[in-house]
Number of protein chains: 2
Amino acid sequence: MTEHSLWRLSRALHRAINERQFDEFAAMVDEDIDWAIYGPIDMFPFLGARMGKDAVLDTVRQIANNVHIRKVERETLMLDDGAAATMVRCAMTTQDSDKPITARLAQFLQFRAGKLSRLRILIDTFDLVEQTLGRPIDLPRIGSFA
Amino acid sequence: MTEHSLWRLSRALHRAINERQFDEFAAMVDEDIDWAIYGPIDMFPFLGARMGKDAVLDTVRQIANNVHIRKVERETLMLDDGAAATMVRCAMTTQDSDKPITARLAQFLQFRAGKLSRLRILIDTFDLVEQTLGRPIDLPRIGSFA
């Protein structure tokens with residue numbers, strides 16, 4: 001049984017971000033990749049949409065400049081031929097302040113001939129922003145709860 | 001070929017929230033359901049973790065009191081025996097102000113004997129909060145982007 005591309009990609013992305021070894025990751029990215037990590041790009045310019053391998057490699061280098069991954073805990077996993085969906089809790093530190101941040105991410109990946117061709121990541125961004133700021137944002141309570 | 005439980009659940013949940021017809025949805029919820037929608041519960045008390053059918057029905061009633069669904073656009077879908085993962089853009093209005101809000105959600109669902117036994121929903125919550133407030137939250141730009 002062949003190993004699912006998700007595992008090879010996860011290791012390659014981990015090495016790219018933590019060790020700045022980008023070759024394995026680059027070899028796994030489709031030239032026409034369609035990539036989007038949803039979130040506030042004003043605060044985190046490495047989030048957002050990217051089209052094509054060059055733009056994706058550039059953004060992964062920016063992520064490596066800003067974030068160090070401490071631990072990835074997989075909470076939910078679905079694998080299919082050439083696709084994967086997973087929810088993870090990712091413990092990181094920021095490179096500039098060494099501040100610990102834990103974010104929950106949903107990842108939807110598609111592979112073409114073993115290479116990553118589509119990525120969508122959704123993050124509990126409000127929690128991420130509050131942790132990054134290091135303080136809570138005051139929110140009104142909305143609605144009726146009778 | 002039997003219809004996947006996801007579709008029946010989607011219709012039942014839609015009817016519960018928009019028409020306050022809770023019976024079909026209730027019939028599809030496992031007694032021991034493990035339910036979590038991640039997000040700022042100070043602002044949206046109907047988010048958060050719920051254990052068991054009664055707590056889930058109660059929270060879906062609260063959602064129905066606060067939100068009306070306009071349109072659900074499915075962007076990504078994975079189906080497996082007894083499980084589903086999907087990313088959707090959900091256009092809603094709040095019941096009190098009729099304000100239109102569009103949120104991106106990742107849903108991970110597990111079914112046991114055709115009933116929903118586990119739900120995890122992750123939302124791009126910062127975007128959701130800003131839309132609900134009706135104004136942007138000022139954020140610093142972090143990190144280095146050389």
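To be clear, the structure that these remarks concern was listed above.
Predicted model only: the values in this text are computed from it and were never measured.

The rules we used
- Throughout this description, residue numbers start from 1 for each chain and increase along the sequence as written.
- To read the labels, note that chains go from A and ligands from 1, taken in the order they are written.
- Local features are withheld for residues below a pLDDT of 70 in this predicted model, meaning they are given only at 70 or higher, and side-chain atom pairs are given and counted only at 80 or more; totals for whole chains, interfaces and linings count all residues.
- As a rule here, side-chain values come from all non-hydrogen atoms in the structure, and water together with hydrogens is ignored.
- Secondary structure elements follow DSSP: runs of H or I of four or more residues count as helices, runs of E of two or more count as strands, with numbering from the N terminus.
- Relative accessibility thresholds used throughout: buried, under 20% of the residue-type maximum; exposed, over 50%; partly exposed, between the two (1.4 Å probe, protein chains only).
- For this analysis, residues touch if any pair of their heavy atoms sits within 4.5 Å.
- When two parts are put together, the accessible area they lose, computed with a 1.4 Å probe and summed over both, is reported as buried area.
- Take a side-chain nitrogen of Lys or Arg and a carboxyl oxygen of Asp or Glu: if they are within 4 Å of each other, that pair is a salt bridge.
- Each polar contact in these results corresponds to two N or O atoms within 3.5 Å; when the atoms are within protein, one needs to be able to donate a hydrogen and the other to accept it, and residues that are neighboring in sequence are counted only if both atoms are side-chain atoms.
- Put simply, Ala, Val, Leu, Ile, Met, Phe, Trp, Tyr, Cys and Pro go in the nonpolar bin, Asp, Glu, Lys and Arg in the charged bin, and everything else, Gly too, in the polar bin.
- Pairing between strands requires that DSSP locate at least two bridges from one strand to the other.
- Every axis in this analysis is a line fitted to C-alpha atoms, fitted for helices over the stretch in contact. Angles between the N-to-C directions lie between 0 and 180 degrees.
- For classification, angles of less than 35 degrees are called roughly parallel, those exceeding 145 degrees roughly antiparallel, those between 65 and 115 degrees roughly perpendicular, and all remaining angles oblique.

(A) Geometry of the overall build of chain A. Scanning chain A from N- to C-terminus turns up four helices and six strands. Seen along its three principal axes, the alpha-carbon backbone of chain A occupies a region of about 50 × 40 × 25 Å. For chain A, buried positions account for 53% of its 146 residues. Considering only intrachain contacts with a sequence separation of at least 6, the fraction spanning at least 24 residues in chain A is 49%.

(B) Region of interest: the interface of chain B and chain A. Across the contact, 46 residues belong to chain B and 46 residues belong to chain A. Between chain B and chain A lies a buried interface of about 3,900 Å² when both sides are counted; carbon and sulfur atoms form 70% of it. A per-residue breakdown of the area chain B buries against chain A is headed by Met78, Phe108 and Leu122 of chain B, which together make up 17% of the total. Our count for the contact surface shared by chain B and chain A stands at zero salt bridges. Here chain B and chain A share nine residue pairs in polar contact (both at pLDDT 80 or more) between them. Within the residue set of the side of chain B that touches chain A, elements represented by two or more residues are helix H3 (53-66), strand S3 (67-80), strand S4 (83-94), strand S5 (100-112), strand S6 (115-123) and helix H4 (125-133) of chain B. With six residues, H4 of chain B is the largest single contributor of residues to the side of chain B that touches chain A. Classifying every residue of the side of chain B that touches chain A by side-chain character gives 26 nonpolar, 10 polar and 10 charged.

(C) Molecular detail of the sheet that holds strand S3 (residues 67-80) of chain A. Residues and elements named next belong to chain A. Pairing within the open sheet is mixed, and its six strands lie in the order S2-S1-S6-S5-S4-S3. Pairing within the sheet leaves two strands with one partner each, and these edge strands are strand S2 (48-51) and S3. Put simply, the sheet's adjacent strands are angled 20° from each other on average, direction ignored. Strand direction decides the pairing type here: S3 and strand S4 (residues 83-94), joined by 12 bridges, are antiparallel. Following the sheet pairing, Met78 is matched in S4 by Ala85. Helix-sheet contacts for helix H3 (residues 53-66) involve strand S1 (29-37), S2, S3 and S4, and the interaxial angle to S1 is about 50°.

(D) Spatial organisation of the packing of helix H1 (residues 5-19) of chain A against H3 of chain A. Residues and elements named next belong to chain A. Running from N to C, H1 and H3 cross one another at 55°; their axes reach a closest spacing of 7 Å. Relative to H3, the element H1 is oriented oblique. Residues Leu13, Ala16 and Ile17 of H1 touch H3, and the partners they reach there are Val60, Ile63 and Ala64. Of the residues contributing to the contact of H1 with H3, the split by class is six nonpolar, no polar and no charged.

It is worth stressing that arrangement in space is one thing and function is another; only the former is reported here.
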